[in-house]
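# Overview (structure and organization)
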Amino acid sequence: MDFRIRPLADRVVVKPQEREEKTKAGIYLPDTASKEKPQEGIVMAVGEGRLDDNGKRIPVSVKAGDRVLFAKYAGTEIKLDDEEYLILAEKDILAVVQE
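First, a word on scope: everything that follows refers to the structure included in this document. The structure presented is a predicted model; accordingly, all values stated were derived computationally and were not measured. (Residues numbered from 1 in each chain as written. Predicted model: local features only at pLDDT ≥ 70, side-chain atom pairs only at ≥ 80, totals over all residues. Heavy atoms only, no water.)

Scanning the protein chain from terminus to terminus reveals one helix and eight strands. In sequence order, the secondary structure elements of the protein chain are arranged as β-α-β-β-β-β-β-β-β. Within the protein chain, buried positions represent 29% of all 99 residues. On the protein chain, roughly 7,100 Å² of surface is accessible, and the fraction owed to carbon and sulfur atoms is 48%. (Helix = DSSP H or I, 4+ residues; strand = E, 2+ residues; numbered from the N terminus. Buried < 20%, exposed > 50% of the residue type's maximum accessible area, 1.4 Å probe, protein only. Areas by Shrake-Rupley, 256 points an atom, 1.4 Å probe, with all protein chains shown as cover.)

Take a look at the structure:
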């Protein structure tokens, strides 16, 4: 996946996914429930990994295209070409969602 932002070290660029306004059962959620900050997104770009104390590079455990869950108030929000993205440290990613 080619992306204009190249994160450094163990940073990851994520495109947050908006929450559904309707549940799978067909129940519509009120604006207050559905407007919470998203905690799920798609990985757009991944850094090379962090260096350990011996100078060895430790690769990031996610890859571009992965769907991930991340901490609620983690990362730095950026806007690029009218799209919103988050730059997160790998430690702020909680899980990879299996399809």
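The next thing to look at is the pairing of strand E7 (residues 83-89). Both strand E1 (residues 11-16) and E7 contribute to a ladder of four bridges, which runs antiparallel. Bridge pairing links Val-12 to Leu-88 in E7. Pairing between strand E6 (residues 76-80) and E7: five bridges, direction antiparallel. For Leu-80, the partnering residue across the bridge sits in E7 and is Glu-83. Linking E6 to E7, which pair antiparallel, is a turn of two residues; within it Asp-81 sits at a positive phi near 55 degrees. (Pairing = 2+ DSSP bridges.)

For the rest of this paragraph, the subject is the sheet that holds strand E2 (residues 40-46). Taken together, six strands build an open sheet; the order of strands is E6-E7-E1-E2-E5-E8 and the sheet is antiparallel. Both outer strands of the open sheet, E6 and strand E8 (93-96), are each paired with one neighbouring strand and no more. Strand-to-strand twist across the sheet, computed as the mean angle between neighbouring axes with direction ignored, equals 45 degrees. (Axes fitted to C-alpha atoms, helices over the stretch in contact; angles between N-to-C directions.)

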